[in-house]
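Read off the chains here:
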Amino acid sequence: MAKLYDHYDRLHNYIRISITDRCPLRCVYCMPKEGLPFFPSERVLSQDEIVQMVQNFADLGITKVRLTGGEPLLRSDVVDIVRRIRAIPEIDDISATTNGLYLARKGADLKAAGLDRLNISLDTFKPDRYKKITRGGNIKQVLDGIQTASDLGFLIKLNVVLIKGQNDGEILDFLNYTRDHNVNVRFIEFMPIGNSQATWQKEYVGLKSVFDVCAENQIDYAPIQFRGNGPSENYQIKGAKGSFGLIHPISNRFCETCNRLRITADGYVKACLYWDEEINIREAIPDPVEFQRLIQKALDNKPLNHEMALADADKVIEKAPTWRHMSQIGG
């Protein structure tokens, strides 16, 4: 079996596929207030194209698949997509990133189809603040979805993007949530994708603040190993059912161990989340040889790191940041 390496000798065995750019929310770190013009249906990869593409990747050594969006559960055929990917022998892990709004309704079917894990976005426990951050979301739907997913036995990660002045005062609440809930709360640094440098720098919170909160509240924790593909550093509070993790692309880059490729909903491969370089692979899906050539080309051009650290905010860079918003990439 072929394997996918970039020119820094990083092995890639993980793909993130955006199966739609649509989402009912307008989260402040993901989409502009006015929303975005969504792709017409014919521009979005079809179910058959997605499944064939995953088979192509499986033949190249990919074993892990994450479905993202937008909101992937908006697709009426998402359960069929999961079921057909599950039937590909080489794929041993299927997960999805979701806002959780549709989990109470679709969770059982997704579990039966073969979905293994869920990343659920939840940036606050306060209903009014949730409505503000998501620009209209109903937190009760999300909490109901989390409960459904938990009852179904999904491995659950809660994604918490820390934003200064909005939810950074709830770090202790999320840490305490892990005491009685078997979830992995992942604190994520706010990234400058689809936002101005001024806005980003004003709202950025370094994850050292999580350790500061632990120290201030005399919380006893220890590092642990946690199943999954992500770059988080994971810890567990003594006696807790769950755990917490830190994903800090800004203050402590994890690029050197990056093992993933991202596929946009309209069929472009992005080897790096931040940079604008992307290659259209849609037409090559029926042709495994050409498909492999284009994927390897993307990997050969993959940079060592993304350079979106605060210290580099005013630095002139050779590449340009991506034009896409996070909702158009899949995170």
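Procedures and definitions
- Residues numbered from 1 in each chain as written.
- Predicted model: local features only at pLDDT ≥ 70, side-chain atom pairs only at ≥ 80, totals over all residues.
- Heavy atoms only, no water.
- Phe/Tyr/Trp six-rings, centres within 6.5 Å; stacked < 30°, edge-to-face > 60°.
- Helix = DSSP H or I, 4+ residues; strand = E, 2+ residues; numbered from the N terminus.
- Buried < 20%, exposed > 50% of the residue type's maximum accessible area, 1.4 Å probe, protein only.
- Lys NZ or Arg CZ within 6 Å of the ring centre and 35° of its normal.
- Arc of directions from axis to C-beta.
- Contact = heavy atoms within 4.5 Å.
- Pairing = 2+ DSSP bridges.
- Right-handed = clockwise from strand over helix to strand, strands pointing away.

Student: Explain the packing of aromatic side chains to me, and be specific about the residues and the numbers.
Tutor: For the structure shown, the criterion picks out 9 aromatic pairs. Measuring from ring centre to ring centre gives 5.0 Å for F57 and F291, while their planes differ by 80°; the resulting arrangement is edge-to-face. Taken together, the residues span a long stretch of sequence, with F57 in helix α1 (residues 47–59) and F291 in helix α9 (residues 288–300) at a distance of 234 residues. Each member of the pair, F57 as well as F291, is classed as buried. Arranged with centres 5.7 Å apart and planes meeting at 15°, the rings of F211 and Y221 form a pair that is stacked. One end of the pair, F211, is in helix α8 (residues 208–216); the other, Y221, is in strand β9 (residues 221–223), and 10 residues separate them in sequence. Note on Y221: relative accessible area 29%, which makes it partly exposed. Through pairs of rings, three or more aromatic residues link up here, namely F125, F174, Y177 and F187. Its guanidinium or amino end placed over the ring of F39, R43 lies 4.0 Å from that ring's centre, counting from NZ or CZ.

Student: Let's hear about helix α4 (residues 127–134): which residues, and what values?
Tutor: Within α4, the full set of buried residues consists of Y130, I133 and T134. Looking straight down α4, one finds that the buried residues subtend no more than 85° of arc, so they occupy a single side. In α4, those exposed residues whose orientation departs by more than 90 degrees from the buried face are D128, K131 and K132. Residues of α4 that are buried sit in contact with α5 (139–151). Of the residues one or two after α4, R135 is the one with positive phi, at around 60°.

Student: Could you give an account of the pairing of strand β4 (residues 64–68), naming the residues involved and the relevant values?
Tutor: Both faces of the sheet carry side chains from a regular strand, because those side chains alternate between them. Buried residues dominate β4, accounting for 4 of its 5 residues. Here strand β3 (residues 14–18) pairs with β4 via 5 bridges, running parallel. Across the sheet, the residue bridging to I15 is V65, located in β4. Regarding the hand of the β-α-β motif, the stretch spanning β3, α1 and β4 is right-handed. Across 4 bridges, the pairing between β4 and strand β5 (residues 93–98) is parallel.

Student: Can you lay out unusual backbone geometry for me, pointing to particular residues and giving the numbers?
Tutor: That bond from G69 to G70 is cis: its omega, 25°, falls within 30 degrees of zero. Note that G70 resides in the loop between β4 and α2 (78–86). One non-glycine residue, D9, lies in the positive phi region at around 65°. By secondary structure assignment, the location of D9 is in the loop between β1 (4–5) and β2 (11–12). The exposure class of D9 is exposed, given its relative accessible area of 60%. Positive phi, close to 60°, is recorded for R135, a residue that is not glycine. The residue R135 is located in the loop between α4 and α5 in this model. Given the relative accessible area of 32%, R135 is considered partly exposed.

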